[in-house]
Amino acid sequence: MPEHLTRRGDGRLITMTGKQIKDDLELGSKDAAERAKIPELTGEDLETLYEIIIDANKVVAVKHGCEVVLSADAGGSTFWIDSGTSGLGMPIERSIAQGALSERVLGLDILQFPESDGSFKPAKVIVSYLANVIHNTLHTSISPLEFMAMPNLGYFYKPDGQWPEPISLIREGKNDEARKSMEGAARECHDAIIYVAKHLRRVGVDGINIDTVGAAGDPDFYAALTATESLKKVYPDLAVQMGMATEAVHGFHTELKYAGERLAGMWPHQQLKVAEKAGVDIFGPVINTKPHLTFPWNLSRAVTFTKACVREATIPVHPNMGMGVGGVPMLETPPLDTVTRANKAMIEIAGVDGI
Amino acid sequence: MPIGHLVAGGIGSIRTSGDLIGRMQLQKKMRLPEAKDYVAKKLGVSSIELCDEFTMRKLREKLDIGVITGLPGAAKGLEAKVRIAELLGIKINCVERLEKLSKV
Amino acid sequence: MELDKLYNAILNQDVEGAVKIAEACLKAGIEPLRALDHASEAIRQVGDLYGRSEIFLPQVVLSAEAIKKVADVLLKKVPRKKRGEKAKFIIGTVEGDIHDIGKSIVATMLEAQGFDVIDLGRDVAAEKFVEAVKKHKPAFVGCSALMTTTAIAQREVIDALKEAGVRDDVKVMVGGGATTELHAKEIGADEWGADAMDAVVKAKRLLASRTCLLKK
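Please read these numbers as outputs of a predicted model, since none were measured by experiment.

Colleague: Got a minute to help me understand the interface of chain A and chain C in this structure?
Modeller: Often, the extent of an interface is quoted as the loss of accessible area on bringing the components together. With 33 residues of chain A in contact, the opposing surface of chain C contributes 30 residues. Buried surface at the junction of chain A and chain C, summed over both partners, amounts to about 2,300 Å²; 60% is from carbon and sulfur atoms. On the chain A side of the contact with chain C, Arg12, Arg171 and His292 of chain A bury the most area, a combined 24% of that side's loss. Scanning the region where chain A abuts chain C turns up four salt bridges. One salt bridge connects Asp119 of chain C with Arg171 of chain A, and the closest N-O pair in it is separated by 2.6 Å. At the boundary of chain A with chain C, the tally comes to four residue pairs in polar contact (both at pLDDT 80 or more). Among the elements that take part in the side of chain A that touches chain C, helix 7 (residues 166-171) of chain A stands out by supplying three residues, more than any other. A class-by-class count of the residues in the side of chain A that touches chain C yields 13 nonpolar, nine polar and 11 charged.

Listed below in structure tokens is the structure:
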């Protein structure tokens, strides 16, 4: 049986027979379906996915007319960020990277201007600086521009913040104290998001992107949802895009609800529905790549979760497809063969509105 | 990596009409087919032409809504967005701010 | 019947109930180690449910608490020489990485399975791991790293253990979102955990194969 060149979830090249690929496609889809209690991919979907994966061309692309909007996770920050192994670390002015280069070189349709640290709490401290740079970027760019940061509830707990660290409390069996701490941190985070948004709106920013939501579990998601609801009440002209951190919301508080729904344990299609109720304009589900399993398994699984999410959506869905998510391998320089295959599969099988 | 997504399935931002379609998604919650339809009607082009560099390069120049190349005298940045707000029939925050400030 | 009740009490996070049932098991003449095996099965099920996001960390902690108390009750009736020593497991998130949650879940699951866990916390420098190994003389060292940028620090811990001459005294396990089995091999770790339950299963396998010496 001929072997096809493909990869593992960590990006390494491997070869697989057609049967091995088909088996992994089925297993990946089944895994997603069983976990989230959603439909598996159809036989036709799996066949299409198989054809995309075994395509002999290194780079693949969608058919004419199927192109989607790219909001692409802080795109232009790739130029200037240097976090050790990710980012190019180039000496470049941020306004140029996030504006002109993002829309003219990277082809991004919605520009995302991230806070250097990536979180709302530190953004609060330097909001005047951010407002100035974003103001300049708005003057020189044409595409819609969002400010982007994470709720990152971890910054509101000790030693960085005032609230007791809840995981330690949970491990000591002090659930009530842990919950009070999480609720306090979520309130403070909500306020930080509103504060930053208010100041950036003054210079004319188009939207706020609340990213990596749920990284600190259900209270983190709760902070993002309540902040969205408040923003939409006060500033209806300010768009909100929300990108998640994980495929399932970790339950640390476990009793937090939004619109009557318990947030802990929500899967992408359920996260989407509460995000819609909060007023989110574009939703970004995240499906985590398992580096030790194959690219076909990971992509099939990611497409299954995302398809279920898209099917339930009334707002645009832009899955996160950066390193280690959305079927893309966990490698700082994600191989182009996998990026383009994941892109085509998400567009043509899951039916996403953007990436 | 964004270039991989652009090559495989991106609309192309101001190279074509991606900024306009993206704006309708972000500001009006339009799903992709609806956003493409809306922009195509406003521009008087087909859905395929929305992502076609040949059509859109000429059209963007004609409508003066910003082009990717350094065309002398063409609308840039905020200037282009003033015209885009009018073309799409929407409010753009920084354009609103400009109009408010310019009413001395 | 009593064994099923014990299983359910642990699965349902009923700490007090589990202790009473354990006492009832002893009264009913059930072999304590057999009862403990049943309780361990419940914890394995807890791990599976956690992996499927059907239960969450607070529930896992309560189930872990239940089995710890059940073990205290049951092991009192087992002769000391038959009890075996608890294996010490030093665990921490490597330097530069502040992600605590995954490591804490592994620590909780290990405790639930009878390991004596010493949690060094997050952002732990390699030399702190070495100090802890010298002080506590553990059977295992576990290094967690969530990010690709910090997974390289797991190698630094192993190198530091080698330099201090204590590498062969312990089994090193690594894990975290950005790690793989191949990464573990490349950096010279003894085992890799795909998730919390996998880490527990592999640690127990290492113990059972007696490749891992218990430190008295």
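Colleague: Teacher, can you tell me more about the pattern of salt bridges here?
Modeller: Should their charged atoms come close, side chains of opposite charge can pair. For the coordinates displayed, the defined rule picks out 34 salt bridges over all chains. Residue Lys202 of chain C is joined to Asp198 of chain C by a salt bridge in which the shortest nitrogen-to-oxygen separation is 2.8 Å. Taken together, the residues span about one helical turn, with Lys202 of chain C and Asp198 of chain C both in helix 10 (residues 196-208) at a distance of four residues. The same class applies to Lys202 of chain C as to Asp198 of chain C, namely buried. Three or more residues are tied together by salt bridges with common partners; here these are Arg8, Asp10 and Arg12 of chain A together with Glu186 of chain C.

Colleague: What's the story with the nonpolar core in this structure? I'm lost.
Modeller: Nonpolar side chains tend toward joint burial in soluble globular proteins. Formed by 195 residues in total, the largest nonpolar core has its most connected members in Phe147, Phe221 and Met242 of chain A together with Ile10 of chain C. Top element by residues in this core is helix 8 (residues 175-201) of chain A. It accounts for 11 residues. Setting aside residues no more than four positions away along its own chain, Met242 of chain A makes contact with Ile210, Val213, Phe221, Ala224, Leu225, Thr228, Ala275, Val280, Ile282, Phe283 and Gly284 of chain A. Counting residues in hydrophobic clusters, the runner-up holds 26 residues, among them Val124, Phe129, Ala132 and Val166 of chain C.

Colleague: Can you walk me through the packing of helix 8 of chain A against helix 9 (residues 218-234) of chain A in this structure?
Modeller: The description of two packed helices rests on the angle between their axes and on the distance between the axes. Residue and element names in this part refer to chain A. Taken N-terminus to C-terminus, the directions of helix 8 and helix 9 make an angle of 40°; their axes are 8 Å apart at the nearest point. If you check the angle between helix 8 and helix 9, you find them oblique. Handedness of the helix 8/helix 9 crossing: right-handed. On the side of helix 8, the interface is formed by Met182, Ala186, Cys189, His190, Ile193, Ile194 and Ala197, while helix 9 contributes Pro219, Tyr222, Ala223, Thr226, Ala227, Ser230 and Leu231.

Colleague: Quick question: what am I supposed to make of a nonpolar patch on the surface here?
Modeller: Together, Val59, Val105 and Leu336 of chain A together with Ile3 and Val7 of chain B line one region of the surface with nonpolar side chains, adding up to about 390 Å² of accessible area. Tracing the backbone through its elements, the reader meets Val105 of chain A in the loop between helix 4 (94-104) and strand 3 (111-119).

Colleague: Looking at this structure, how should I read the environment of Leu101 of chain A?
Modeller: All names here are of chain A. Examined against the element boundaries, Leu101 turns out to sit in helix 4. The spatial distance from the C-alpha of Leu101 to the C-alpha of Ile52 is 30 Å, given a sequence separation of 49 residues. When neighbours within four sequence positions are excluded, Leu101 is seen to be in contact with Phe79, Ile92, Ile96 and Leu106.

Parameters at a glance
Counting from 1, residues in each chain are numbered in the order their sequence is written. Here the convention is simple: chains get letters from A, ligands get numbers from 1, in the order in which they are written. Under the rules for a predicted model, residues below a pLDDT of 70 receive no local features and side-chain atom pairs below 80 are neither given nor counted, while totals for whole chains, interfaces and linings still include all residues. As a rule here, side-chain values cover all heavy atoms of the structure and leave hydrogens and water aside. Whether two residues are in contact is decided by their heavy atoms, any of which lying within 4.5 Å being enough. Values labelled buried area give the accessible surface lost by two parts on being combined, using a 1.4 Å probe and summing over both. For this analysis, a salt bridge means a side-chain nitrogen from Lys or Arg found within 4 Å of a carboxyl oxygen belonging to Asp or Glu. Between N or O atoms, a polar contact is any pair within 3.5 Å; within protein, one atom must be a potential hydrogen donor and the other a potential acceptor, and residues adjacent in sequence are included only when both atoms are from side chains. Going along the chain from the N terminus, every DSSP run of H or I of four or more residues is numbered as a helix, and every run of E of two or more is numbered as a strand. Charged residues are taken to be Asp, Glu, Lys and Arg, nonpolar residues to be Ala, Val, Leu, Ile, Met, Phe, Trp, Tyr, Cys and Pro, and polar residues to be all remaining types, Gly included. Using a 1.4 Å probe on the protein chains alone, a residue whose accessible area is under 20% of its type maximum counts as buried, one over 50% counts as exposed, and one in between counts as partly exposed. In this description, a nonpolar core means a group of buried Ala, Val, Leu, Ile, Met, Phe, Trp, Tyr and Cys residues linked to one another through side-chain atoms lying within 4.5 Å. Comment: axis = line fitted to C-alpha atoms, over the contacting stretch for helices; angle = value between 0 and 180 degrees taken between N-to-C directions. Each angle is binned into one of four classes, with values under 35 degrees roughly parallel, values over 145 roughly antiparallel, values of 65 to 115 roughly perpendicular, and all other values oblique. Crossings are classed by handedness, with left-handed meaning an anticlockwise turn of the near helix from the far one by less than a right angle and right-handed meaning a clockwise turn. Note on patches: the residues involved have over 30% relative accessible area and no salt bridge, like charges join within 9 Å, and the nonpolar side chains Val, Leu, Ile, Met, Phe, Trp and Tyr join within 5 Å. Accessible surface area values rest on a Shrake-Rupley calculation with a 1.4 Å probe, where residue burial reflects the displayed protein chains alone.

Treat this as a map of the structure, not an account of what it does.
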